[in-house]
Amino acid sequence: MTTSVKVPEDDTFYYPKMPLEGEHGDVIWSRPLSGAAALASARVNELVLYRSRDVHGKPVAVSGIIALPRKAPPEGGYPIVSWAHGTVGCADTCAPSRDTITSPAHRFNEHPHGLLNTFLDRGWAVVMTDYEGLGTDGLHPYLLGESQAHGILDIALAARALYRDQLSKKLAIVGHSQGGQAALFGAHHAPIWTPDLDLRGVAAMAPASGVHLLVAAGTALDYAQPGFAFTALFLAGAVAGNPNIDVKELLTEKAYAVWPHIHEKARIELSQKDSWGGLKGNEQLNPKPNPSKKAFFDQLELMNPALRILAPVRISQAAKDPRIRADFTRTLHHQLAALNGPANVTYKEYEEVSATHDPVELGFHFGLMDTDLPSLTRWLEERFADEAPEEPVAAPR
């Protein structure tokens, strides 16, 4: 950790004026965290800025939160849960560690706190990456799997650097929606990226999948809908994966006019009629074939989290979720089972889930977290209780 500089108390914390070269997972600096972003059940809430790498190998700074339980650490230290959050947008103010009660993204950042506080009460440390470019320099590479994996894994390294005497090497990755997809990528990359961590399992709740099919279908529709905000988010990830994509070539004039909103609006604001939610499906992409369109869809296919994963995998889904469709998640389950063996992949689908206080924006999609929590917690307890393998297993190819 850098100790020769004063840690900023304002938002310049997120924009370090120093070289970023170093080992991924190295701490740049940290400070105590309070306010809406802090977890109520934590003895320690720490805002951290740490080194990571983008998919092209460039060093980047990524922000996040480290939370420690009130219980004394067990022998060997607290197990770590790395939380991968769902969609909030690409604007820096949406980052979970920057959350305030007046933020448009607040309801989406706040809802997982119930689940995360339960983990803390069980005696597990919780680390929460904001992801690359969300809160920090650069555009957030939405659904870009390797980028998200680096953020999820490197914050566990950063937490152990700060609290090595309190944290074990046992790690589980848990995520919801965008974070469910991100969690699966994190588990896929873990054996090579963080071989010293002992990944015990990955749990993906309503993971995003098959987005290339959704975009292909959506861009043929002759009406507007709030969900077209996600096209802009997908594009942010695709451009990060392939900088040769020419956004002006790819988009229609109407879509290009609202493309800059990606830098300043939360997802819920992008869904409004004065932004991407006001575009018809067939007003989003240039109808003529062009290299950027092909490159865009190539990147979307790479976002599908059907991956080789060595650790146990758990997928859960609400049958009536209108945002992440159950049929897509069932397909993903079958793909994961085919790649990793049916015994290594658990699937749990709920016909009914808990109601939320916001049925329009949160609804079944977020209610899944509440309904699934008891079963998920038991599954994590079993993973953390298991003895680590005596010999390291080979990394996936």
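Values in this document were obtained by computation on a predicted structure and should not be read as measured data.

A. View of the overall build of the chain. The secondary structure content of the chain amounts to twelve helices and nine strands. The C-alpha radius of gyration of the chain comes to 20 Å, within 12% of the 21 Å expected for a compact globule of 397 residues. In terms of overall dimensions, the chain has a C-alpha envelope of 60 × 50 × 45 Å along the principal axes. When burial is assessed residue by residue, the chain has 61% of its 397 residues classed as buried. Counting contacts in the chain only where the partners sit at least 6 residues apart, residues at least 24 apart contribute 77% of the total. Of the roughly 16400 Å² that the chain leaves accessible, carbon and sulfur atoms contribute 53%. A distance of 1 Å separates the average location of the 36 positive side-chain charges in the chain from that of its 46 negative side-chain charges.

B. Helix α2 (residues 113–121), seen in detail. Taken together, the buried positions of α2 are occupied by His113, Leu115, Leu116, Asn117, Phe119 and Leu120. A positive backbone phi angle near 95° is found at Gly123, which sits one or two residues after α2.

C. Region of the structure containing the environment of Leu307. Mapped onto the secondary structure, Leu307 falls in the loop between α10 (291–302) and β8 (313–318). The exposure class assigned to Leu307 is buried, which follows from its relative accessible area of 11%. Leu307 sits 29 residues away from Leu336 along the chain, and the two C-alpha atoms are 6.5 Å apart. Discounting residues that sit within four places of it in the chain, Leu307 has contacts with Leu184, Phe185, His188, Leu336, Leu339 and Asn340.

D. Region of interest: the environment of Gly145. Locating Gly145 in the fold gives a position in helix α3 (residues 145–162). Exposure remark for Gly145: the relative accessible area of 5% places this residue in the buried category. With 33 residues separating them in the primary sequence, Gly145 and Gln178 have C-alpha atoms 9.9 Å apart.

E. How the structure looks around the environment of Val62. Mapped onto the fold, Val62 is located in strand β3 (residues 59–69). Considering only alpha carbons, one finds Val62 and Leu120, 58 residues apart in sequence, at a separation of 23 Å.

F. Layout of unusual backbone geometry. The residue Tyr131 is not glycine, and still its phi comes out positive at about 80°. Relative to the assigned elements, Tyr131 resides in the loop between β5 (125–129) and α3. Given a relative accessible area of 1%, Tyr131 falls into the buried group. Positive phi outside glycine occurs at Ser177, with the angle close to 65°. With respect to the element layout, Ser177 can be found in the loop between β6 (167–176) and α4 (178–193).

G. Spatial organisation of the pairing of strand β2 (residues 42–53). Counting buried positions along β2 yields ten of twelve residues, so the element is predominantly enclosed. Judged from the five bridges that link them, strand β1 (residues 27–32) and β2 form a sheet pairing that is antiparallel. When the sheet's bridge partners are listed, Pro32 is paired in β2 with Glu46.

H. Main features of the sheet that holds β3. Strand order in the open sheet formed by nine strands is β1-β2-β3-β5-β4-β6-β7-β8-β9, with mixed pairing between adjacent strands. Sheet topology places β1 and β9 (345–350) at the edges, where each strand pairs with a single neighbour. Direction aside, neighbouring strands of the sheet carry axes that sit 20° apart on average. Contacts from α3 reach β1, β2, β3, β4 (78–84), β5 and β6, with the element oriented near 120° to β2.

I. Broad picture of the packing of aromatic side chains. With the rule as written, the count across this model stands at eight aromatic pairs. Relative to Phe384, the ring of Trp124 has its centre 5.3 Å away and its plane inclined at 65°; by these criteria the two rings are edge-to-face. Residue Trp124 is found in the loop between α2 and β5, and its partner Phe384 is found in helix α12 (residues 363–385); the two are separated by 260 residues along the sequence. For the pair Trp124 and Phe384, a shared accessibility class is recorded, and that class is buried. The interplanar angle of 40° and the centroid separation of 6.3 Å between the aromatic rings of Phe230 and Phe234 together place this pair among those described as tilted. Taken together, the residues span about one helical turn, with Phe230 and Phe234 both in helix α6 (residues 229–241) at a distance of four residues. Each member of the pair, Phe230 as well as Phe234, carries the same accessibility label: buried. One aromatic cluster is present, formed by Phe13, Tyr14 and Trp29 through successive ring pairs. Directly above the ring of Tyr14 sits Arg98, whose terminal nitrogen or CZ lies 3.9 Å from the centroid.

J. Geometry of the packing of helix α5 (residues 211–218) against α10. Two elements in contact, α5 and α10, have axes separated by 7 Å at closest approach and are oriented at 140°. Here α5 is positioned oblique relative to α10, judged by the angle of their axes. Side by side, α5 and α10 meet where Val211, His212, Val215 and Ala216 of the first sit next to Phe296, Phe297, Leu300 and Glu301 of the second. Of the residues in the contact of α5 with α10, the class split is six nonpolar, one polar and one charged.

Definitions and cut-offs
Residues numbered from 1 in each chain as written. Predicted model: local features only at pLDDT ≥ 70, side-chain atom pairs only at ≥ 80, totals over all residues. Heavy atoms only, no water. Helix = DSSP H or I, 4+ residues; strand = E, 2+ residues; numbered from the N terminus. Rg over C-alpha atoms; globule rule 2.2 N^0.38 Å. Buried < 20%, exposed > 50% of the residue type's maximum accessible area, 1.4 Å probe, protein only. Contact = heavy atoms within 4.5 Å. Areas by Shrake-Rupley, 256 points an atom, 1.4 Å probe, with all protein chains shown as cover. Lys, Arg positive; Asp, Glu negative; His and termini not counted. Charge placed at Lys NZ, Arg CZ, Asp CG, Glu CD. Pairing = 2+ DSSP bridges. Axes fitted to C-alpha atoms, helices over the stretch in contact; angles between N-to-C directions. Phe/Tyr/Trp six-rings, centres within 6.5 Å; stacked < 30°, edge-to-face > 60°. Lys NZ or Arg CZ within 6 Å of the ring centre and 35° of its normal. Parallel < 35°, antiparallel > 145°, perpendicular 65-115°, else oblique. Nonpolar A, V, L, I, M, F, W, Y, C, P; charged D, E, K, R; others polar.

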